[in-house]
Amino acid sequence: MKTPLRKIIHIDMDAFFASVEQRDNPELKGKPVAVGGSAERGVVAAASYEARKFGVRSAMPSKTAKRLCPNLIFVKPRFEEYKKVSNQIREIFLEYTELIEPLSLDEAYLDVTENHKNISLATEIAKQIREKIKAKTGLTASAGISFNKFLAKTASDVNKPNGMFVIKPHQAEAYVETLPIKRFYGVGKVTAEKMTKMGIATGKDLKEKSLEFLVNNFGKAGRYYHEICRGKDNRKVNPDRIRKSIGVENTFSNDLNSPDELYVELDIILAQLWKRVKKARAFGKTLSIKIKYDDFEIITRSRTSQLLIMEEQFISKQAYEMLNALLPSPKGIRLMGLTVSNLEFETDLEGRQIPLVFSI
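So, here's what we can say about the structure.

The rules behind each value
Residues numbered from 1 in each chain as written. Predicted model: local features only at pLDDT ≥ 70, side-chain atom pairs only at ≥ 80, totals over all residues. Heavy atoms only, no water. Phe/Tyr/Trp six-rings, centres within 6.5 Å; stacked < 30°, edge-to-face > 60°. Helix = DSSP H or I, 4+ residues; strand = E, 2+ residues; numbered from the N terminus. Buried < 20%, exposed > 50% of the residue type's maximum accessible area, 1.4 Å probe, protein only. Pairing = 2+ DSSP bridges.

1. Side note on the packing of aromatic side chains
Applying the stated criterion across every chain yields a total of eleven aromatic pairs. Each ring, one from Phe 165 and one from Tyr 175, has its centre 5.8 Å from the other, and the planes form 40°; the classification is tilted. Here Phe 165 is found in strand S8 (residues 164-166), whereas its partner Tyr 175 is found in helix H7 (residues 172-178), with ten residues between them in sequence. Judged by its relative accessible area of 24%, Phe 165 falls in the partly exposed class. Taking the centre distance of 6.3 Å and the plane angle of 50° together, the rings of Trp 274 and Phe 283 count as tilted.

2. What to know about the pairing of strand S6 (residues 107-111)
Taking burial as the measure, the five residues of S6 include five buried ones, the bulk of the element. Burial along S6 is two-sided: Glu 107, Tyr 109 and Asp 111 facing one way and Ala 108 and Leu 110 facing the other are all buried. Bridging between strand S1 (residues 8-13) and S6 involves five bridges; their strand directions are antiparallel. Its bridge partner lying in S6, Ile 8 is registered against Asp 111. Where strand S5 (residues 100-104) and S6 come together, four bridges link them in antiparallel fashion. In the sheet register, Ile 100 faces S6, and the bridge partner there is Leu 110. Once S5 ends, the chain turns through two residues before running back antiparallel as S6.

3. Details of the sheet that holds strand S2 (residues 33-35)
Here three strands make up an open sheet; going across it, the order is S3-S2-S4 and the pairing mixed. Each of the sheet's edge strands pairs with one partner strand only, and the pair in question is strand S3 (46-47) and strand S4 (73-75). Bridge count for S2 against S3 is two bridges, and the pairing is antiparallel. Bridge pairing links Val 35 to Ala 46 in S3.

Purely geometric stuff here, so don't read any function into it on its own.
Put into structure tokens, the structure is as follows:
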């Protein structure tokens with residue numbers, strides 16, 4: 001018996017952080033807004049569509065954003081508010097299905113092959129979800145509908161903002177052939193540049209490459225590329241998607257060089273990191289430090305323990321040792337961050353003997 005095709009929806013909120021700020025502050029409506037950073041320092045976390053028209057994008061240095069858009073308004077992020085709205089949206093999803101895979105606060109996959117309301121058309125479900133999000137939060141969402149995750153994600157970008165697009169099974173392969181390689185979900189900027197140099201500009205170009213060629217040049221990801229350029233993606237919507245890391249990073253108001261100043265900032269980051277580790281009820285084996293210098297060069301250093309790091313003092317000791325190894329700094333430091341990865345969650349630990357790492 002042939003397995004029925006899945007019905008997958010990808011919901012993506014439109015300029016989520018910036019839209020929440022514009023909703024809550026009428027003076028920002030219709031104006032170019034950047035969440036995060038400042039006119040002088042930091043990095044843009046999100047940009048309104050008015051700002052995007054000038055080329056402002058997330059992860060862009062604030063100075064660059066301000067240069068592109070002189071009238072750009074910087075707003076401090078309110079993550080608790082964004083989480084609150086994200087939870088309201090999730091409640092709407094749950095009216096239709098339990099198979100929800102969040103990718104971030106503002107986007108998620110939904111498998112509605114079987115759904116609580118017994119609606120046969122995924123497009124009708126997506127339409128209802130978008131209408132309910134607008135009514136409940138005052139915000140708009142875009143939706144992509146297809147029979148696998150890759151195509152649904154691809155489709156949600158087509159009619160953004162506040163739009164919907166469907167890729168049907170008989171359309172999939174031809175549609176992907178025309179898709180620019182830079183719009184392939186899972187193909188990052190560096191990989192896209194590498195592919196372009198190889199003469200791979202579209203899905204059709206990618207499809208012409210053999211599996212052997214792709215694996216030899218892109219490793220394990222080559223198999224994924226070989227499948228998606230044919231419109232194939234067998235990944236299930238995973239409601240139990242496991243978080244891979246927990247991190248904190250701060251951009252300083254002024255470049256720092258003094259060890260004493262850096263130690264003060266490290267203590268602040270350590271306190272925030274441990275708070276997040278406890279809230280997530282997760283412990284890891286790897287601790288990484290990230291440094292961004294005043295010329296935007298970024299370096300990272302990591303240490304992996306054989307045992308789970310379950311003591312705040314141990315994280316602190318490791319962080320100080322990694323920072324000290326980078327001092328004296330050859331140039332000013334504008335950003336510092338810490339990340340715990342190789343995570344195991346509290347629910348995984350029940351009934352198992354896990355050796356603790358104590359402070360030394």
